[in-house]
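What the coordinates show
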Amino acid sequence: MKSRESLVRLKEFQVKEKQRQLNQLQLMMAEFERMTKELENQITFEEKKSGISDPSHFAYPTFAKAARQRADNLQVSVRELKVQQDAAELALEEVQAEFAKAAALEERDSSVRMRA
């Protein structure tokens, strides 16, 4: 009987941990999106200031080139995090199902003990 209680606590911990990981991924993605928008605004400002908006132009601002590269890298990271988020959501669903099974078994056992 004690082992079922421990199993329920373990599964509950795993559910909370997976939810925490998922929230962390979502926060990182939101932060990267915010940083990308900020970089894009800086790029636009630099292009307007220099009057050159063609990245292949020889006089294109170096800062704008670097900011564009950082923004592109952030977008790649967001796509990779999205894949991780999808995997984390699946793992969370699996752990929630295991927790539900363990909780149901524990509830059944406790009701059997009360009747006895």
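Residues numbered from 1 in each chain as written. Predicted model: local features only at pLDDT ≥ 70, side-chain atom pairs only at ≥ 80, totals over all residues. Heavy atoms only, no water.

**Some words on the side chain of Glu46**
Within the secondary structure, Glu46 is located in helix H1 (residues 2–50). Not counting residues within four places of it along the chain, the set of residues in contact with Glu46 comprises Pro61, Phe63 and Ala64. (Helix = DSSP H or I, 4+ residues; strand = E, 2+ residues; numbered from the N terminus. Contact = heavy atoms within 4.5 Å.)

**A few points about the pattern of salt bridges**
Evaluation of the coordinates by the stated rule reveals 8 salt bridges. Note that Lys11 and Glu98 form a salt bridge whose closest N and O atoms lie 2.8 Å from each other. Residue Lys11 is located in helix H1, and its partner Glu98 is located in helix H2 (residues 62–115); the two are separated by 87 residues in the primary sequence. Judged by relative accessible area, which is 34%, Glu98 ranks as partly exposed. For Arg68, the salt bridge goes to Glu47, with nearest N and O atoms at 2.7 Å. With Arg68 in helix H2 and Glu47 in helix H1, this pair connects stretches of sequence that are 21 residues apart. Classification of Arg68 by relative accessible area gives partly exposed; the value is 30%. By sharing partners, the salt bridges in this structure join Glu31, Arg34 and Glu38 into a single network. (Salt bridge = Lys/Arg side-chain N within 4 Å of Asp/Glu carboxyl O. Buried < 20%, exposed > 50% of the residue type's maximum accessible area, 1.4 Å probe, protein only.)

**Section: the nonpolar core**
Counting 18 residues, the largest nonpolar core has Phe32, Leu39, Ile43, Tyr60 and Leu81 as the members making the most contacts within it. Listed by contribution, the elements that provide at least two residues to this core are H1 and H2. If one sorts the elements of this core by residue count, H2 sits on top with 9 residues. Residue contacts for Tyr60: discarding those within four places in its chain leaves Ile43, Glu47, Ile52, Ser53, Asp54, Pro55, Lys65 and Arg68. (Core = buried A, V, L, I, M, F, W, Y, C linked by side-chain atoms within 4.5 Å.)

**A short note on the environment of Glu5**
Position of Glu5 relative to the elements: it lies in helix H1. Residue Glu5 is classed as partly exposed on the basis of its relative accessible area of 25%. Taking C-alpha positions, Glu5 is 9.7 Å from Glu107, a pair spaced 102 residues apart along the chain.

**Brief notes about a nonpolar patch on the surface**
On the surface, a nonpolar cluster with roughly 280 Å² of combined accessible area is contributed by Leu7, Leu10 and Phe13. Topologically, Leu7 is positioned in helix H1. The class for Leu7 is partly exposed, based on a relative accessible area of 34%. (Patch = residues over 30% accessible without salt bridge, like charges linked within 9 Å, V, L, I, M, F, W, Y side chains within 5 Å. Areas by Shrake-Rupley, 256 points an atom, 1.4 Å probe, with all protein chains shown as cover.)

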